Amino acid sequence: MEKTSELIWQDTQHQELFRLIDKIKEDGVEADIFVRLYDYAEHHFSLEEAYMREAGYPDIESHIAAHNKFRQELTNMVTQHHDYDEVLRESLATFLSEWLKRHIWGVDKKFEAYILSSDIK
Ligand SMILES: [Fe+2]
Ligand SMILES: [Fe+2]
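What you are looking at is a predicted structure, and each value in this text was computed from that prediction instead of being measured. (Residues numbered from 1 in each chain as written. Chains lettered and ligands numbered in written order. Predicted model: local features only at pLDDT ≥ 70, side-chain atom pairs only at ≥ 80, totals over all residues. Heavy atoms only, no water.)

**Looking at the coordination of the iron ion (ligand 1)**
To keep things clear, this is the line we draw: Distances define the donors: N, O and S atoms within 2.8 Å of the metal qualify, as do those within 3.2 Å of Na, K or Ca. Water is excluded, so some sites may look unfinished. The rule is simple: four donors are tetrahedral if all their angles sit between 85 and 135 degrees, four are square planar and six octahedral if opposite donors span more than 155 degrees and the others lie between 65 and 115, and anything that fits none of that is irregular.
Surrounding the iron ion (ligand 1) are the protein donor atoms His14 (NE2), His44 (NE2), Glu48 (OE) and Asp108 (OD), which sit 2.0 to 2.2 Å from the metal. Geometry at the iron ion (ligand 1) is irregular, judged from the four donor atoms that bind it and their angles of 82 to 169 degrees at the metal. Read from N- to C-terminus, the donor residues coordinating the iron ion (ligand 1) fall into the pattern H-x29-H-x3-E-x59-D. A gap of 3.4 Å separates the iron ion (ligand 1) and the iron ion (ligand 2), which glutamate 48 links by coordinating each metal.

This is the structure:
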């Protein structure tokens, strides 16, 4: 049986994360976009973490540590700023999307490869 090249739910959620990050750059966006992004990221991270736990993934600890770093960065963005001008929103959005790209092509890909090479689906 041919294995799929990626986990569909994971890919769909990553696209939604990029969509929310892009919204940060939009004119007139409300500061609560950071909260919406945090909630969605939390939903995604906890699903990945539960999946890793269930699969007995050996690198789970460092992967969770990476998620925690993102959680912390986002929390800082919500608590440290009260005024989001265009320049700030642009730089926060760039930071987040760069981080997410590295994460997806790094640790997420490693986890995906582990799942696809095992019998767990
Ligand atoms: Fe992910
Ligand atoms: Fe991840």
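**A closer look at the environment of alanine 113**
Heads up, the condition is: Numbering of helices and strands runs from the N terminus; a helix is a DSSP stretch of H or I covering at least four residues, while a strand is a stretch of E covering at least two.
Among the secondary structure elements, alanine 113 is positioned in helix H4 (residues 86–117). For the pair alanine 113 and threonine 75, spaced 38 residues apart in the sequence, the C-alpha separation amounts to 30 Å.

**A few points about the packing of helix H3 (residues 60–80) against H4**
Condition: Orientation is described by axes fitted as lines to C-alpha atoms, over the contacting stretch for helices, and by angles from 0 to 180 degrees between their N-to-C directions. By definition in this entry, angles of less than 35 degrees are roughly parallel, angles greater than 145 are roughly antiparallel, angles of 65 to 115 are roughly perpendicular, and the rest are oblique. For this analysis, residues touch if any pair of their heavy atoms sits within 4.5 Å. Side-chain classes follow a simple rule in which Ala, Val, Leu, Ile, Met, Phe, Trp, Tyr, Cys and Pro form the nonpolar group, Asp, Glu, Lys and Arg form the charged group, and the remainder, Gly included, forms the polar group.
Remark: H3 packs on H4, axes separated minimally by 11 Å, with the N-to-C direction vectors making an angle of 170 degrees. Classified by the interaxial angle, the pair formed by H3 and H4 is roughly antiparallel. Facing H3, whose interface residues are His63, Ala66, His67, Lys69, Phe70, Glu73, Leu74 and Met77, H4 presents Leu92, Phe95, Leu96, Trp99, His103, Val107, Asp108 and Phe111. Grouping the amino acids of the contact of H3 with H4 by side-chain chemistry returns 10 nonpolar, three polar and three charged.

**Observations concerning the side chain of histidine 63**
By the secondary structure assignment, histidine 63 is in helix H3. When near neighbours in sequence (up to four residues on either side) are disregarded, histidine 63 contacts Glu48, Met52, Tyr57, His103, Val107, Asp108 and Phe111.

**A word on the coordination of the iron ion (ligand 2)**
Only Glu48 (OE), His63 (NE2), His67 (NE2), His103 (NE2) and Asp108 (OD) from the protein reach the iron ion (ligand 2) as donors, at distances of 2.1 to 2.2 Å. Donor residues for the iron ion (ligand 2), ordered by position in the chain, follow E-x14-H-x3-H-x35-H-x4-D.

**What about the packing of helix H1 (residues 8–24) against helix H2 (residues 33–55)?**
In plain terms, the rule: If you view the pair so one helix is near and one far, a crossing is left-handed when the near helix is turned anticlockwise from the far one by less than a right angle, and right-handed when it is turned clockwise.
Running from N to C, H1 and H2 point in directions that differ by 160 degrees, and their axes come no closer than 10 Å. Classified by the angle their axes make, H1 and H2 are roughly antiparallel. Here H1 runs over H2; the crossing is left-handed. Together, Trp9, Gln10, Gln13, His14, Glu16, Leu17, Leu20, Ile21, Lys23 and Ile24 of H1 and Ile33, Phe34, Arg36, Leu37, Tyr40, Ala41, His43, His44, Leu47, Glu48 and Tyr51 of H2 make up the contact between the two elements. Here the residues of the contact of H1 with H2 are counted per class, giving 12 nonpolar, five polar and four charged.

**Examining the packing of aromatic side chains**
Aromatic rings in a pair are described by how distant their centres are and how their planes are angled relative to each other. Note the threshold: The aromatic pairing rule takes the rings of Phe, Tyr and Trp, using the six-membered ring of Trp, and pairs them if the centres are within 6.5 Å, calling planes under 30 degrees apart stacked, those over 60 edge-to-face and the rest tilted. Relative accessible area decides the class of each residue, using a 1.4 Å probe on protein chains only: under 20% of the type maximum gives buried, over 50% gives exposed, and in between gives partly exposed.
Under the criterion given, the structure shown has seven aromatic pairs. Between the aromatic rings of phenylalanine 45 and phenylalanine 70, the centroid separation amounts to 5.6 Å while the plane-to-plane angle is 85 degrees, which identifies the pairing as edge-to-face. Here phenylalanine 70 lies in helix H3 and phenylalanine 45 lies in helix H2, a separation of 25 residues in the sequence. Residue phenylalanine 45 is classed as buried on the basis of its relative accessible area of 1%. Look at phenylalanine 70 and tryptophan 99: their rings are 4.5 Å apart centre to centre, the planes differ by 40 degrees, and that puts the pair in the tilted class.

**Quick notes on a negative patch on the surface**
Keep this limit in mind: Patch criteria: residues need more than 30% relative accessible area and no salt bridge. Like-charged residues are merged within 9 Å; nonpolar side chains of Val, Leu, Ile, Met, Phe, Trp and Tyr are merged within 5 Å. Residue burial considers only the protein chains on display, and all accessible areas are found by Shrake-Rupley using a 1.4 Å probe. Any carboxyl oxygen of Asp or Glu that lies within 4 Å of a side-chain nitrogen of Lys or Arg is treated as forming a salt bridge with it. Positive charges come from Lys and Arg, negative ones from Asp and Glu, while His and the chain ends are left out of the count. Every charge is mapped to an atom, namely NZ of Lys, CZ of Arg, CG of Asp or CD of Glu.
A contiguous patch of negative charge, built from Asp27, Asp83, Asp85, Glu86 and Glu90, is present on the exposed surface. Position of aspartate 85 among the secondary structure elements: in the loop between H3 and H4. On the basis of relative accessibility, which here comes to 43%, the residue aspartate 85 falls in the partly exposed class.

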